[in-house]
Amino acid sequence: MKKLLFLLLVISFTQSCKKEPQSKLLGSNPRGLITETAMVVSAREEASKIGVEILKKGGNAFDAMMATEMALAVVYPYAGNLGGGGFLVYRLADGTKGALDYREKAPMAAIKNMYLDEEGNIIKGKSTLGSMAIGVPGTVAGVFKAQERFGKLDVKSILKPVIELARNGFKVTEMQSERFAKNDSIFKVINGKEILFNKRLTQGDSVFNVALAATLKRLAENGKDEFYKGQTAKTLVEFIQAHGGIITLEDMANYESKWRDPISFQYDDLTITSMSPPSSGGIVLQQIMKMIEAFSLEDYGHNSLKAVQVLVEAEKRAYADRSYYLGDPDFVDIPTKALTSDVYLENRMADFSFEAATPADSIAHGKILGDESDETTHYSIVDQFGNAIAVTTTLNGGYGSKLYASELGFFLNNEMDDFSSKPGSPNSYGLIGAQANSIAPQKRMLSSMTPTIVEKDDEFFMTLGTPGGSTIITSVLQTILNVHEFKLTMQEAVNAPRFHHQWRPDEIRMETHAFDQTLIEQLKSKGYKLNFERTPVIGRVDGILRLEDGRLEGGADKRGDDTAVGF
């Protein structure tokens, strides 16, 4: 067992040290795809096309959500999933807004110190690799609940093209072949055999996932209960337990997705609506945007020294609060009103100075009176009826726990790592948690996912989101500001170089070869530590912007295989 854990750690460390090549950040066309009526932007062209196909058949954004999400499970197993979870933020054509939480839950047998050894130290790899890392999946429950409440088409019609995609195959992209090769050894160790996705798959090869096609067919015929109470549930639980996991049929049967009130706030003439806890996205985004609102970002200039300083210092303070206060609202009391009050946030920035960086050691969580990574995926949809949705879904790490249910055709998440295994110690994304996010049975783990919808003058303006773990919030923030403050097109806003600070470690992560050397030297002279190695690519934002003439512009991030499709 010790030899196995050592091997897993060596493989994991080797992978984390390899740099992802910086993708082409700026396309030649300053505008993304322009369409008249409707659009889907997702991580893969096949998924976007299927979503649009459903819209053309008379379906709405929620029908397209089910189709797009399930198609991503087929063609983008890195993060698309049946074995994970996510969040939906929506705006209906009449202006009604809401949110759906289908985040994973801890199994009933989970205990607070389950990832600690006898000395109280974290057991490396236990919360990230293999069966003990898995949270009870929520994706299927979420897409079925949203479609049941708001959709127009029947489930069989929606899933038919997805089943055909799984059965008839999809083409491997260059990025995918590199990821399959990089993860092949760890797939073999975790699963004890070679799986469908392996290093022998190269660019242009076709992948036929017959097992996933059969799973989707059962879902189409039997609905959500097939996944949580039917044969699929039984097969899944037997598989997890055979590999040493603790998820039971009772865990599956008891899982429910949950409607939530989203976080909504004003910034200039914009209304920002984003995800509420157990996502930290909405609250942290509100804190940062309200802290920077008084500064003249537009006058400072895009990615100028002063603009970067203001954003970084606000981010430090907001992430310090995230660490201490945020968790599952069904288990902990979150002082949302106090954390987002104007007086509180003004006081948080009171010690900021353009003269020098504020050391992280001098910043704690605020006193209230009376490293997630790019393994998530996001898609945005605007339909012909005027509905808009933003959805972020994940397995947590790339391919989740790396445990692949071959009989069912999908990977299982490693979301248990998003809890605070040991309060005060960082998770795999470098984020530090406190007691509010400690492990408890049936509790949802804290997330950074930030699906967001923006209105301007009470009209739909933008829908967006991104993968990126701890960098999700700051990527969404910078994309909104790029459009609103710096007047970039949606495609330019999505492609623009990004940076990130999360309080600890005390460093600005900056995309490699993306920033002017003068800015780099200016930041260093102010006392900022820069890191170009930790996250050479930050986020893969997918968004849709409503133009002044009512048409839609898609922003599909050039850092990935992301594609906008519409009509």
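Residues numbered from 1 in each chain as written. Predicted model: local features only at pLDDT ≥ 70, side-chain atom pairs only at ≥ 80, totals over all residues. Heavy atoms only, no water.

Visitor: Would you mind going over the sheet that holds strand β18 (residues 530–531) with me for this structure?
Guide: Within a sheet, each strand pairs with its neighbour through backbone hydrogen bonds, oriented either parallel or antiparallel. The three strands lie next to each other as β16-β17-β18, forming an open sheet whose pairing is mixed. Edge positions in the sheet fall to β16 (499–500) and β18, since each of these pairs with one other strand and no more. Pairing of strand β17 (residues 508–510) with β18, which is carried by two bridges, proceeds in the parallel orientation. Directly across from I508, in β18, lies its bridge partner L530. (Pairing = 2+ DSSP bridges. Helix = DSSP H or I, 4+ residues; strand = E, 2+ residues; numbered from the N terminus.)

Visitor: Just to check I follow, could you spell out the packing of aromatic side chains for this structure?
Guide: To describe a pair of aromatic rings, you give the distance between the ring centres and the angle between the ring planes. One pass over the structure, following the stated rule, counts 24 aromatic pairs. Measuring from ring centre to ring centre gives 5.1 Å for F187 and Y399, while their planes differ by 85 degrees; the resulting arrangement is edge-to-face. Each of the two residues, F187 as well as Y399, counts as buried. Taken together, the aromatic side chains of Y76, Y78, F180, F187, F197, Y399, Y404 and F411 make up a single cluster linked through ring pairs. For K306, the ring lying beneath its charged end belongs to F354, and the centroid distance is 5.0 Å. Sitting over the face of the ring of W503, R504 holds its NZ or CZ atom 4.7 Å from the ring centroid. (Phe/Tyr/Trp six-rings, centres within 6.5 Å; stacked < 30°, edge-to-face > 60°. Buried < 20%, exposed > 50% of the residue type's maximum accessible area, 1.4 Å probe, protein only. Lys NZ or Arg CZ within 6 Å of the ring centre and 35° of its normal.)

Visitor: How do you make sense of the packing of helix α11 (residues 281–292) against helix α16 (residues 472–484) when you look at a structure like this?
Guide: Any two packed helices are characterised by the angle at which their axes cross and by the distance between the axes. Closest axis-to-axis distance for the α11/α16 pair is 10 Å, and the angle between their directions is 45 degrees. Relative to α16, the element α11 lies oblique. As α11 runs across α16, the sense of the crossing is right-handed. Residues G281, V284, L285, I288, M289 and I292 of α11 form the contact with α16, whose own contacting residues are I473, V476, L477, I480 and L481. A per-class count over the contact of α11 with α16 returns 10 nonpolar, one polar and no charged. (Axes fitted to C-alpha atoms, helices over the stretch in contact; angles between N-to-C directions. Parallel < 35°, antiparallel > 145°, perpendicular 65-115°, else oblique. Left-handed = near helix turned anticlockwise from the far one by under 90°. Contact = heavy atoms within 4.5 Å. Nonpolar A, V, L, I, M, F, W, Y, C, P; charged D, E, K, R; others polar.)

Visitor: Teacher, can you tell me more about the side chain of N81 here?
Guide: As for its position among the elements, N81 is in the loop between α3 (61–75) and β3 (85–91). Its relative accessible area of 2% is what places N81 among the buried residues. A polar side-chain atom of N81 sits 2.5 Å from a polar atom in the side chain of T139. Setting aside chain neighbours within four positions, we find N81 in contact with M70, A73, T139, T393, T394 and L395. (Polar contact = N/O pair within 3.5 Å; in protein donor to acceptor, adjacent residues only side chain to side chain.)

Visitor: Help me understand the pattern of salt bridges, please; the structure alone is not making it clear to me.
Guide: Pairing between side chains of opposite charge can happen when their charged atoms approach one another. Under the counting rule described, the total for this entry stands at 32 salt bridges. The closest approach of N and O atoms between K290 and E293, which form a salt bridge, is 2.9 Å. Using a relative accessible area of 26% as the deciding quantity, one classes E293 as partly exposed. Because the salt bridges share partners, they merge into one network encompassing D101, K258, R260, D328, D330 and R444. (Salt bridge = Lys/Arg side-chain N within 4 Å of Asp/Glu carboxyl O.)

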